[in-house]
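Remarks on the overall topology
Here are the chains, one letter per residue:
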Amino acid sequence: MDSSNRNDSYNPQQIETKWQTYWSSNSLYEVNDDDSKPKWYELTMYPYPSGDLHIGHWYAMAPSDAHARFMRMRGFNVLHPMGFDAFGLPAENAAITRGIHPKKWTLDNIENMKRQLKSMGPIYDWNREVVTCLPEYYKWNQWIFLQFFKNGLAYRDKATVNWCPELNTVLANEQVIDGKDERTGAEVIHTEMTQWFFRITKYADELLDHSHIDWPEKIKNMQDNWVGRSKGVEVTFDISHYGLNQSELKTFTTRIDTLFGVTFIAIAPESPVLDGLVQESNQEEVLSYIESSRRKTEVERLSTEKDKTGVFTGSYAVNRVNGARIPIWVADYVLKSYGTGVVMGVPAHDERDFIFAKQYGLDINFVVAPSDKDERNLEEAYIEKGGIQINSGRFSNLNNNDAYEKIADYLEEKGWGSRTYSYKMRDWLISRQRYWGTPIPILYCEKCGVVPVKEEDLPVLLPDDAIFRSTGESPLKHQIDFLECECWKCGGVAKRETDTMDTFVDSSWYQFRFVSPNYTKGIFDKKLLNEWGSVDQYTGGAEHAVMHLLYARFFTKAMRDIGLLKLDEPFIRLFNQGHILSEGEKMSKSRGNVVSPDDYVSTIGADAVRCYLMFIGPWDQGGSWNDTGAKGMFRWLNRVWEISIRKPRGFATHSDEKDTILVRLVHQIIKRVGNDLEKFKFNTAIAALMELTNGLYANIDQEITEDSWSFAIESLLLLLSPMAPHITEELWERNGKKGSIHNQRFPDFDPMLVIEETITLVVQVNGRVRDKISVANNLGKDQAIELSKNSMKIQQYIQGKEVMKIIHIPNKLVNIVINN
RNA sequence: CGGGAUAUAGUCCAAUUGGCAGAGGCGUUUGAUUCAAAAUCAAAAGGUUGUGGGUUCGACUCCCACUAUCCCGACCA
């Protein structure tokens, strides 16, 4: 090799700018809707425009871009779009603390992030960009809201809500973790408000059906747990003797087999069924208990997890199956919103009921025993199933599982109860008391009441001249020109809804907007949506398992039932990447360890950053950014550069064994890289390419034919191009190839040329390796054993010994088992 | 407390699914190059596969128990 000439050395900045400009001006990545190739829709969760693209964004986007490029080279018409999740609180906080309008703040951020995104060299077609805070987009949020409203999927209700005092807004259940706002960590307060909901519970059962999606088990489990379907029985207890409107108390239980063990009823403090049940003498105590539990924040309730409190109402219900008179209590371990808000207390067979009963000296009656004899002490509840039924009247002595069914049958016969399901999931509360979101298109008319905005009046625009208050209170409440309007029904005075929508509404259907992002005649072009269909491959963080991913599935099903589309699922395949750390630690400004991609793009180049992120380890396991590791990747790309533009000293005129071996290596690598990329195993794909580079370097002074050498270099570039699009494009050109490398087919391997001529056969004696012999590939069993036995080394071990058996694994080993 | 993931060379990670523990990167050492260093090229060293048991001719791989780390969900009757 001759010494390096300055102009010929790898200069990432120069070529990356060159090719990004070229691709853009030649519209290389513009997506053609009419392409006849099979479609492939690959989507990465779009980012919130926080202002700066950090390495975590790259970690999410670079590998999916590489995979989309791979599919493109495999002959698919690939849609791999990008947009911005542009509504949300940070923009509003910027307005409050720095006086910048959320719109300006957001759009400026988007501009900067787009510049950064482009520096990554992705195949995003920017003509298809979606920005959710623009009226062209959120108009359709409002339109969908109206369709949901028309179809009974959006409704207004008074409910106990999670109020975040920090943000001055309510939160969805999904946004509350351990009684705290998942974003700010502020303690959430429960309060009554009238709010808008989407009826996601209507789809609870269908959301449990995963037969049409190929998702990680973990995510499916999380969604199942969130929906939380429990099979059980709704059973009633008689309170007709009080002469109230309600003659019975309805409870839900998953353990109807323990019905004979009920020793108290517990009702949630907020429950309306308490009305009339509190006796005069208990009134004061009960009221003060209700008041005190209302004042408790969620955090306080959880902090006293172990002890259960409650007060007696003074009333009794009758357990119809045995006529038992059961005291009715109020207890705040009972949740109003789950089941019926009333629990049948069976201390003997439920841990919580047990603690409660112990606390207040209530009876504990065992009705299920592990064996015929009841020898248990009363130290804890017996919660196992499958024992023998005892103390249960006519159901005694049955197997516990049979008793469950028999008791359920009996109750249904008598009309005292029925089998049913209960769900943890509640309807989705979408109202937010904030400015920077989609206005809910509703009017409140003094005469007509709740009036949806007419479709032709959409969008309801956010006023640009809003005045932001330091309290965070929504400016819309004080924006007279927004607030006051005319009712289109009666012409009277009406007020606009001032709440805006949860931003998860935006991301619940953005995947469908990408197929026709500039369409103005409807929410999307139905013809194009039919063609592109569901997202074939979705990638993003697992933290969205029960919010975004569940909401998007709900939207798809709801939109299908309204007749807007014909799909059952939004995302067919899902892959969750792991988290990128910085030298083993979480990245944060306070730690001062934030890795800024821009810095590395300007030194080692985008290709090295992309490849390094993919090389760290398995994508779903995340990894740790390491500067020397990243430099190592840059070093390797230099090696790729060198080997691709230098030529060996000379070429052979005839192919010999070295030549064959090199060609075989190339075919093997093609096979491995293709397989790896299919499975998102970028780390091993790149390792294989490093092996190929090493193989080429080892041959640089050998006499290889020109054809074989060119084939090897060409393959290396093609295989690497999805990961490192710039350097490969440049080297493709420098090798005199026509057209963009990114419009080439991904190489195919020849199955015949992958096969090794000789293999190493391991010979074991009693499972220990005693020799390795080189034999022809696909050697027959008898020959393999014969050769093994003839080995000098093996002879030493087996001579004079009785051979018990011989195990032969073709092309792998021969194990001779002898009797010692 | 429950569910899931992970544990292999100093380090990040491979291992065709039960068959030689090693592909690749980083680091280390040595050699070439250099006046010297960096860069580059070449080579080498490095192991009780977290622990204990079981199955098997054979276990990193399968089964059981445990430990450590990480993620998620936790009063759902």
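Right above here is the structure, for reference.
Everything numeric here is computed off the predicted structure, so don't read it as measured data. (Residues numbered from 1 in each chain as written. Chains lettered and ligands numbered in written order. Predicted model: local features only at pLDDT ≥ 70, side-chain atom pairs only at ≥ 80, totals over all residues. Heavy atoms only, no water.)

Quick word on the overall build of chain A
Looking only at helices and strands, chain A has 25 helices and 35 strands in total. With the C-alpha coordinates of chain A rotated into their principal frame, the extents come out at 105 × 90 × 50 Å. Within the span of chain A, comprising 820 residues, buried residues form 53% of the whole. A separation of at least 24 residues holds for 73% of the contacts in chain A among residues at least 6 apart in sequence. As displayed, chain A offers around 36900 Å² of accessible surface, 47% of which is attributable to carbon and sulfur atoms. (Helix = DSSP H or I, 4+ residues; strand = E, 2+ residues; numbered from the N terminus. Buried < 20%, exposed > 50% of the residue type's maximum accessible area, 1.4 Å probe, protein only. Contact = heavy atoms within 4.5 Å. Areas by Shrake-Rupley, 256 points an atom, 1.4 Å probe, with all protein chains shown as cover.)

Some remarks on the packing of aromatic side chains
This model, assessed by the stated rule, comprises 50 aromatic pairs. Seen from their ring centres, Phe 148 and Phe 198 are 5.1 Å apart, and the 75 degrees between their planes marks the pair as edge-to-face. Placement of Phe 148 in helix H5 (residues 135-150) and of Phe 198 in strand S9 (residues 189-198) is noted, with a sequence separation of 50 residues between them. Note on Phe 198: relative accessible area 0%, which makes it buried. Every member of this aromatic cluster is reached through a ring pair, and the members are Phe 145, Phe 148, Phe 149, Trp 196, Phe 198, Tyr 203, Trp 428, Phe 504, Tyr 551, Phe 554 and Phe 555. Cation over ring: Arg 553 sits above Trp 215, and NZ or CZ is 5.7 Å from the ring centre. (Phe/Tyr/Trp six-rings, centres within 6.5 Å; stacked < 30°, edge-to-face > 60°. Lys NZ or Arg CZ within 6 Å of the ring centre and 35° of its normal.)

Structural notes on the sheet that holds strand S35 (residues 813-819)
Spatially, S33-S32-S35-S34 is the arrangement adopted by the four strands of the open sheet, whose pairing is mixed. Each end of this open sheet is capped by a strand with a single partner; those strands are strand S33 (768-776) and strand S34 (802-809). On average, each strand axis in the sheet is inclined to that of its neighbour by 20 degrees, with strand direction left out of account. Sheet topology places strand S32 (residues 758-765) next to S33; eight bridges connect them, and they run antiparallel. Across the sheet, Val 765 pairs through a bridge with Arg 768, a residue of S33. (Pairing = 2+ DSSP bridges. Axes fitted to C-alpha atoms, helices over the stretch in contact; angles between N-to-C directions.)

Some words on the pattern of salt bridges
Side chains that carry opposite charge are capable of pairing whenever their charged atoms lie near each other. Applying the stated criterion across every chain yields a total of 40 salt bridges. For Lys 37, the salt bridge goes to Asp 35, with nearest N and O atoms at 3.5 Å. Glu 678 is the partner of Arg 74 in a salt bridge, and the nearest nitrogen-oxygen pair spans 2.8 Å. With Arg 74 in the loop between helix H2 (55-73) and strand S2 (77-79) and Glu 678 in helix H19 (residues 657-678), this pair connects stretches of sequence that are 604 residues apart. Through salt bridges with shared partners, a single ionic network connects Glu 206, Arg 553, Lys 557, Arg 560, Asp 561, Asp 568 and Glu 569. (Salt bridge = Lys/Arg side-chain N within 4 Å of Asp/Glu carboxyl O.)

Let's talk about unusual backbone geometry
In most cases, non-glycine residues show a negative phi, while peptide bonds are predominantly trans. In this structure, the amide linkage connecting Leu 458 to the following residue, Pro 459, adopts the cis form with an omega of 0 degrees. The topology assignment puts Pro 459 in the loop between strand S22 (449-452) and helix H12 (480-483). Even without being a glycine, Ser 27 presents a positive backbone phi close to 50 degrees. You will see that Asn 397, though not glycine, has its phi angle at about 75 degrees, which is positive. Along the chain, Asn 397 turns up in the loop between strand S17 (388-389) and helix H11 (400-414).

Concerning the protein's contact with RNA strand B
Not every one of the 48 residues close to RNA strand B is listed here, only the nearest: Tyr 338, Arg 352, Met 690, Glu 691 and Asn 815. With respect to RNA strand B, the side chain of Asn 683 contributes an N or O atom lying 3.5 Å from a phosphate oxygen. The contact in question runs from a base nitrogen of RNA strand B to an N or O atom on the side chain of Gln 764, over 3.0 Å. If you tally residues by element for the surface near RNA strand B, the top one is helix H20 (residues 682-698), at seven residues. Split into classes, the residues belonging to the surface near RNA strand B amount to 22 nonpolar, 13 polar and 13 charged. (Near = heavy atom within 4 Å. Polar contact = N/O pair within 3.5 Å; in protein donor to acceptor, adjacent residues only side chain to side chain. Nonpolar A, V, L, I, M, F, W, Y, C, P; charged D, E, K, R; others polar.)

Here's the deal with the sheet that holds strand S5 (residues 154-164)
With respect to topology, four strands assemble into an open sheet ordered S6-S5-S9-S19, the strand pairing being antiparallel. Edge positions in the sheet fall to strand S6 (169-171) and strand S19 (428-429), since each of these pairs with one other strand and no more. Of the strand pairs in this sheet, S5 and S9 are connected by ten bridges, and their pairing is antiparallel. Residue Val 161 lies in a different strand from S9, and its bridge partner there is Thr 191. Helix-sheet contacts for H5 involve S5 and S9, and the interaxial angle to S9 is about 90 degrees.

Brief notes about the pairing of strand S26 (residues 535-540)
Judged by how many residues are buried, S26 sits mostly within the fold: six of six residues are covered. The sheet contact formed by S26 and strand S27 (residues 571-576) spans five bridges and is parallel. Paired with Thr 539 across the two strands is Phe 575, which belongs to S27. The parallel pair S26 and S27 is bridged by helix H15 (residues 548-562), and the resulting crossover is right-handed. (Right-handed = clockwise from strand over helix to strand, strands pointing away.)

Some remarks on helix H1 (residues 12-25)
The end-to-end C-alpha distance of H1, which contains 14 residues, comes to 20 Å, matching closely the 20 Å that a straight helix rising 1.5 Å per residue would cover. Along H1, the residues that are buried comprise Pro 12, Ile 15, Glu 16, Trp 19 and Trp 23. One face of H1 carries all of its buried residues, which in axial projection span an arc of 100 degrees. The outward face of H1, more than 90 degrees from its buried face, is lined by the exposed residues Gln 14, Ser 24 and Ser 25. Against H2, helix H16 (597-601), helix H17 (606-615), helix H18 (627-645) and helix H22 (725-734) lie the buried residues of H1. Positioned one or two residues after H1, Ser 27 has a phi angle of 50 degrees, which is positive. (Expected span 1.5 Å × (residues − 1). Arc of directions from axis to C-beta.)

Focus on the nonpolar core
By size, the foremost hydrophobic cluster in this structure holds 172 residues, and its most contacted members are Phe 145, Phe 198, Trp 428, Phe 555, Met 559 and Met 723. Of all the elements, H2 adds the most residues to this core, at ten residues. Contacts of Phe 145, omitting those with residues within four sequence positions, involve Ala 154, Trp 196, Phe 198, Ile 430, Ile 440, Pro 441, Ile 442 and Met 501. Listed in part, the 53 residues of the second largest apolar core include Phe 237, Val 262, Ile 265 and Val 311. (Core = buried A, V, L, I, M, F, W, Y, C linked by side-chain atoms within 4.5 Å.)

Remarks on helix H10 (residues 351-360)
Residues spaced three or four apart along an α-helix point in a common direction, a consequence of the helix completing one turn every 3.6 residues. Listed as buried for H10 are Asp 353, Phe 354, Phe 356 and Ala 357. Taken end-on, H10 shows its buried residues confined to a sector of 165 degrees, consistent with a single buried face. Summarising the contacts, the buried residues of H10 are in contact with strand S12 (264-267), strand S13 (310-319), strand S14 (324-331) and strand S15 (342-345). Immediately downstream of H10, the backbone of Gly 361 shows phi near 65 degrees, a positive value.

Focus on the pairing of S22
Pairing analysis gives four bridges linking strand S21 (residues 442-445) to S22, with the strands arranged antiparallel. When the bridges of S22 are listed, Cys 445 appears paired with Gly 449. Here S21 folds back onto S22 in antiparallel fashion, the turn holding three residues.

Thoughts on the environment of Ile 807
Take Ile 807: it is sitting in strand S34. The sequence separation of Ile 807 and Ser 644 amounts to 163 residues, and the corresponding C-alpha distance is 47 Å. Setting aside chain neighbours within four positions, we find Ile 807 in contact with Leu 813, Val 814, Asn 815 and Val 817.

Digging into the packing of H18 against H20
The interhelical angle for the contact between H18 and H20, taken along N-to-C directions, is 45 degrees, at an axis separation of 10 Å. Between H18 and H20, the angle falls in the class oblique. Between H18 and H20 lies a crossing whose hand is left-handed. Across from Met 633, Trp 636, Arg 639, Val 640, Glu 642 and Ile 643 in H18, the residues of H20 making contact are Ile 686, Leu 689, Met 690, Thr 693, Asn 694, Leu 696 and Tyr 697. A per-class count over the contact of H18 with H20 returns nine nonpolar, two polar and two charged. (Parallel < 35°, antiparallel > 145°, perpendicular 65-115°, else oblique. Left-handed = near helix turned anticlockwise from the far one by under 90°.)

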